[in-house]
Amino acid sequence: MAKYEIVGGNRLEGNVVISGAKNAVVAILPATLLVQGVCRIENVPNISDVRILLDIIRSLKAKVRWTDDSTVEIDTTEVEYCEPDPKLVTQMRASYYMMGALLGRYGQAHVALPGGCNFAARPIDQHVKGFLALGADVTETDDFVDIKAGPDGLHGARISLDVVSVGATVNIMLAAALMEGQTIIENAAKEPHIVDLANFLNTMGARISGAGTDTIKIKGVEKLHGATYAVIPDQIEAGTYMAAVVAAGGDVLVQNVIPKHMECITTRLREMGARITEYDDSIRVVRDGPMRRITVKTMPYPGFPTDMQAQICVCMAIANGISRLTESVYETRFFGYCTELQHMGANIVINGKTATVTGTDQLVGNTVTAKDLRAGAALIIAGLAAEGTTTVKNIHYVERGYERLIEKFTQLGASIRRIEE
Ligand code: UD1
């Protein structure tokens, strides 16, 4: 077990370079299993979720190697169907993309139910709905999902999702890319990582259109070929550093971002009083003066992301006045961090889907525990803004999704160190 120790109060100054997007790469890596050939994936963050996923892909006899710090080469020529190791699959959430990838490549998948961040009930009924519509038989037990071609075989289909689901949209795209006929996903997720997966698959020879809108069309092709592809920058990692500057105060150039993807976050931080300048592929964030209260409601993209809920909550906790934060994707997400923030002096009252946050002058350091990835990020931001020393425990959650976090914050002038217990 390891923990972070943060001495708060330092302004953040300088440059930070954002890594490749976790939620894009965890869809793209399984997608390489659909390809017969060699894929070179660039801008891959070296985070624990990626390392687990690469081990799963290796266990299917793909040849996987890092050719430099951020490039992974995956040769899928000798991949054979087998059940992904449940011990690996249960360590992370996005391992459920093995269902769509294996179904797409081999017409069958027997995959353990995923693990990962459990900040809410995370059903997969929409994924299953998609597989059934594509002609699969699906059997679910407490621990496993078994998917195989039904009596009429697998075929393209029109699928209208009942809820906007990133995971279900990705799994259906993976399953349908090599399937005979046309698949149409209605009410599809529009997140940047959905577009990135479509771009990756199209670079490999797929015929996917409409990604980024709520209707995605997939015309099945016979084969995908290898190629080189660079993953988009991580919207949430960038947003986390931006929120950290706003909470702790400072002047930071956040580099390697797509400013368009950041708009939903940029707008809110500006409303709070941050000065934000957008350039082609970087954003400068300056916060000197007091912060104002704001109202935020999380929504699927292009709305304010639920994965930034906890980080913006820290900014609200030290802004002037009463802010309101409403969660519309995962109702129980507040419980992952609000109690911990209260231990640092935050004034937060949760009523159903809404947290009312009354700003306080100063958070104070304490020992707190990360209960999921983004909750952990929020506690780090709180520690940077707080007076005194904050110890964040359970940081394995944070290391799932943030590459070289200590190095990046240290470079910005933060006092933060990792302690092995
Ligand atoms: C993805 C992200 C996660 C983010 C979330 C919402 C990845 C790897 N993870 O998670 O970081 O917090 O999107 O932006 O990209 N739902 C159902 N049935 C389903 C699937 C989902 O009811 O079959 C509901 C969920 O409970 C939730 C909503 O739909 O309320 C959105 O979930 P979804 O977009 O699927 O989240 P994930 O793909 O798990």
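Quick note: structure is the one above.
Residues numbered from 1 in each chain as written. Predicted model: local features only at pLDDT ≥ 70, side-chain atom pairs only at ≥ 80, totals over all residues. Heavy atoms only, no water.

Enquirer: Help me get a handle on the overall build of the protein chain, residues and values and all.
Expert: Of the regular secondary structure elements, the protein chain holds 14 helices and 23 strands. For 421 residues, the compact-globule estimate of 2.2 N^0.38 gives 22 Å, and the protein chain sits close to it at 21 Å. C-alpha atoms of the protein chain, sized along the principal axes, occupy 65 × 45 × 40 Å. Within the protein chain, the proportion of its 421 residues that are buried is 57%. The contacts of the protein chain with a sequence gap of at least 6 include a subset with a gap of at least 24, amounting to 72%. When the accessible surface of the protein chain is totalled, it reaches about 15800 Å², and 46% of it is carbon and sulfur. Each charge class in the protein chain can be summarised by its mean position, and for the 41 positive and 48 negative side chains these summaries are 3 Å apart. (Helix = DSSP H or I, 4+ residues; strand = E, 2+ residues; numbered from the N terminus. Rg over C-alpha atoms; globule rule 2.2 N^0.38 Å. Buried < 20%, exposed > 50% of the residue type's maximum accessible area, 1.4 Å probe, protein only. Contact = heavy atoms within 4.5 Å. Areas by Shrake-Rupley, 256 points an atom, 1.4 Å probe, with all protein chains shown as cover. Lys, Arg positive; Asp, Glu negative; His and termini not counted. Charge placed at Lys NZ, Arg CZ, Asp CG, Glu CD.)

Enquirer: Could you give an account of the pairing of strand β22 (residues 389–393), naming the residues involved and the relevant values?
Expert: Here strand β1 (residues 2–7) pairs with β22 via four bridges, running antiparallel. Within β22, the residue paired with E5 across the bridge is T391. Bridging between strand β21 (residues 367–369) and β22 involves three bridges; their strand directions are parallel. What sits directly across from T369, in β22, is K393. In this fold, the crossover linking β21 to β22 by way of helix α12 (residues 373–385) has right-handed handedness. (Pairing = 2+ DSSP bridges. Right-handed = clockwise from strand over helix to strand, strands pointing away.)

Enquirer: Could you give me a rundown of the site of the ligand, with the residues and numbers involved?
Expert: Close contacts around the ligand come from 22 residues, with Q126, S165, V166, D307 and V329 the closest. Separating an oxygen atom of the ligand from a backbone N or O atom of Q126 is a distance of 2.7 Å. Considered on its own, the ligand offers 750 Å² of accessible surface; in the complex 87% of this is hidden by protein. Taken together, the elements giving at least two residues each to the shell around the ligand come down to α1 (22–31), α5 (125–133) and α6 (166–176). Here the element with the most residues in the shell around the ligand is α5; it accounts for three residues. Across the shell around the ligand, the residue classes tally to eleven nonpolar, seven polar and four charged. (Near = heavy atom within 4 Å. Polar contact = N/O pair within 3.5 Å; in protein donor to acceptor, adjacent residues only side chain to side chain. Nonpolar A, V, L, I, M, F, W, Y, C, P; charged D, E, K, R; others polar.)

Enquirer: Go over the packing of helix α8 (residues 235–248) against helix α10 (residues 309–317), please, and point to the residues and values.
Expert: At a minimum axis separation of 9 Å, α8 and α10 run at an interaxial angle of 10°. The angle between the axes of α8 and α10 places the two elements in the roughly parallel class. Taken together, the residues of α10 that come into contact with α8 (itself represented by I236, T240, A243, V246 and A247) are Q311, V314 and C315. Each residue belonging to the contact of α8 with α10 can be placed in one class, and the counts come to six nonpolar, two polar and no charged. (Axes fitted to C-alpha atoms, helices over the stretch in contact; angles between N-to-C directions. Parallel < 35°, antiparallel > 145°, perpendicular 65-115°, else oblique.)

Enquirer: Could you give me a rundown of α6, with the residues and numbers involved?
Expert: Along an α-helix, a turn takes 3.6 residues, which lines up residues three or four apart on a common side. Buried residues dominate α6, accounting for ten of its eleven residues. One side-chain oxygen of the residue at the start of α6 lies 3.4 Å from the amide nitrogen of G167, identifying that residue as S165.

Enquirer: So, the nonpolar core: which residues are in play, and what are the values?
Expert: Formed by 78 residues in total, the largest nonpolar core has its most connected members in L29, M173, L197, F200 and L201. In this view, L29 contacts I41, V50, L53, L54, I57 and I74; residues no more than four positions away in its chain are not counted. The next biggest cluster of nonpolar side chains, apart from the first, holds 75 residues, and it includes A238, L341, A378 and Y402. (Core = buried A, V, L, I, M, F, W, Y, C linked by side-chain atoms within 4.5 Å.)

Enquirer: With reference to specific residues and values, describe the environment of Y279.
Expert: Mapping Y279 onto the fold places it in the loop between β15 (275–278) and β16 (282–287). Through-space distance from the C-alpha of Y279 to that of V35 is 36 Å; in sequence the pair is 244 residues apart. In contact with Y279, not counting residues within four places along its chain, are L253, P259 and R284.

Enquirer: Tell me what's going on with empty space enclosed by the protein, and back it up with residues and numbers.
Expert: Across all of its chains, the model carries two cavities of 30 Å³ or more by this definition. Estimates place the volume of the largest cavity at around 90 Å³. Residue lining of the largest cavity: A21, K22, N23, A24, P192, H193, I232, P233, D234, Q235, I236 and R374, and that is the complete set. Of all the elements in the fold, those that place two or more residues in the lining of the largest cavity are α1, α7 (192–203) and α8. If you tally residues by element for the lining of the largest cavity, the top one is α1, at three residues. In this structure, the second largest cavity spans a volume of roughly 40 Å³. Around the second largest cavity, the lining residues are P233, D234, Q235, A238, V257, I258, H261 and M262. Its residues assigned to classes, the lining of the second largest cavity shows five nonpolar, two polar and one charged. (1 Å grid on protein atoms, 1.4 Å probe; cavity = no way out; pocket = protein on both sides within 12 Å on 5 of 7 lines; lining within 4 Å. Points joined across faces, edges and corners; volume = space filled by probe spheres on them.)

Enquirer: Give a description of the packing of α1 against helix α4 (residues 97–106) that names residues and reports values.
Expert: Between α1 and α4, whose axes approach to 9 Å, the crossing angle comes to 25°. As the angle between them shows, α1 and α4 are arranged roughly parallel. Between α1 and α4 lies a crossing of right-handed hand. For the pair α1 and α4, contact is made by V26, A27 and P30 and by Y97, M98 and A101, respectively. When grouped by side-chain class, the residues that make up the contact of α1 with α4 number six nonpolar, no polar and no charged. (Left-handed = near helix turned anticlockwise from the far one by under 90°.)

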